[in-house]
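These are the residues of each chain, in order.
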Amino acid sequence: MNAPHPTVSPLRQRMLEDMRMRRLAPKTQTAYIRAVRRFSAYLHRPPDTATVEDLRNFQLHLVDEGTSPTTLNATITGLKFFCEITLDRSELTAKMQPVHLPHTLPVVLSREEVARLIAATGNLKHQTALSLAYGTGLRASEVVSLKVSDIDSQRMTLRVEQGKGSKDRYAMLSPILLERLRVWWRVARAQGKMLDGGWLFPGLNPIEPLTTRQLNRAIHMAADAANIDKRVSMHTLRHSFATHLLEQKVDIRVIQVLLGHKKLETTAMYAQVATDVLREVVSPLKQLSTA
């Protein structure tokens, strides 16, 4: 006997439709629904019965619970969508204010650490995926979304379809990375793990792609095996890619395009961690000593 499907309330259905109308990304939709569900659990009654004070007190509750600034702001954004769009009551969130996010510099690996990390990766698929992430600066979600047909060996580019911000772009493809991809392709095809026109990095079921969670698990295991004591994630490879290019004196506007950044200011952050660039700056104190 089939289990009954859980019913969706008219209110949630309307919110789902509102998000679909605006073509919000699946992850964004999930985050917004999670925010409303969390608020409803706090309220102990339907969220459309909330008052301005209820929402204000909920934010205080999150702060007192020790919720991180990032999660707090994401929750507020989801509730603002629910109140302003789905309920058409923008006044409800008048007393909810996003909090300031502390500015932190990204963790960057040295070239030697990247080499050790990739060499310590457990299997060829994960090793190739990590090599690609570092060699192109792609986000983890962009790496797992690649298909074999996205590789253009003639133009030496990778096509990134609908990356962050729902934008297409091209990533650089170096000869050494192309060769690593070819080795992985031959092995995966011989083992029947890669379908014609399928995912470049398929999951256990070749019909599905590798997940970002699996990639992050792989990089954490590789970091432990390589005795790297920095906090490493897939995004660390993206940060390291950008920083190392800047240290090679690649124009920062080129790096901006490769990363898919909308604003140059976002890319300029890497100037603060590019140690080779900082070492080349002549201190004004030296000018005093030679005066």
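Worth saying up front: this structure is predicted, and the values here are computed from it rather than measured.

(A) Here's a closer look at the overall build of the protein. Check the secondary structure of the protein and you find 14 helices and three strands. Residues classed as buried in the protein amount to 37% of the 291 residues present. Split by element, the accessible area of the protein, about 17,400 Å² in all, is 56% carbon and sulfur.

(B) Region of interest: unusual backbone geometry. Here the phi dihedral of Arg23 falls at roughly 55 degrees; this positive angle occurs in a residue that is not glycine. Positionally, Arg23 belongs in the loop between helix 1 (10-21) and helix 2 (26-43). The phi dihedral of Met156 is positive, around 55 degrees, even though this residue is not glycine. One can find Met156 in the loop between strand 1 (151-152) and strand 2 (157-163).

(C) The side chain of Thr121, seen in detail. In this fold, Thr121 is placed in the loop between helix 5 (111-119) and helix 6 (124-136). Within the structure, Thr121 has its side chain in polar contact with the backbone oxygen of Ile118 (distance 3.1 Å).

(D) Representation of the packing of aromatic side chains in the model. Applying the stated rule across the entire model yields four aromatic pairs. On the basis of an interplanar angle of 40 degrees and a centroid distance of 5.4 Å, the ring pair of Tyr32 and Phe81 is categorised as tilted. Here the residue Tyr32 occupies a position in helix 2, and Phe81 occupies one in helix 4 (residues 69-86), the gap between them amounting to 49 residues. By relative accessible area, Tyr32 is classed as buried at 14%. Pairwise contacts between aromatic rings join Phe39, Tyr42 and Phe58 into one cluster. A cation sits over an aromatic face here: Lys147 above Trp199, 5.0 Å from the ring centre.

(E) Structural context of the pattern of salt bridges. Under the definition given, this model contains 14 salt bridges. Among the ionic pairs, Glu65 bridges to Arg38, the shortest N-O distance being 3.2 Å. Residue Glu65 is located in the loop between helix 3 (52-64) and helix 4, and its partner Arg38 is located in helix 2; the two are separated by 27 residues in the primary sequence. The exposure class of Glu65 is partly exposed, given its relative accessible area of 48%. A relative accessible area of 32% means that Arg38 is categorised as partly exposed. In this structure, Asp251 and Arg253 form a salt bridge, with 3.0 Å as the shortest nitrogen-oxygen distance. On the basis of relative accessible area, Asp251 is assigned to the partly exposed category, the value being 34%.

Quick notes on the rules
Residues numbered from 1 in each chain as written. Predicted model: local features only at pLDDT ≥ 70, side-chain atom pairs only at ≥ 80, totals over all residues. Heavy atoms only, no water. Helix = DSSP H or I, 4+ residues; strand = E, 2+ residues; numbered from the N terminus. Buried < 20%, exposed > 50% of the residue type's maximum accessible area, 1.4 Å probe, protein only. Areas by Shrake-Rupley, 256 points an atom, 1.4 Å probe, with all protein chains shown as cover. Polar contact = N/O pair within 3.5 Å; in protein donor to acceptor, adjacent residues only side chain to side chain. Phe/Tyr/Trp six-rings, centres within 6.5 Å; stacked < 30°, edge-to-face > 60°. Lys NZ or Arg CZ within 6 Å of the ring centre and 35° of its normal. Salt bridge = Lys/Arg side-chain N within 4 Å of Asp/Glu carboxyl O.

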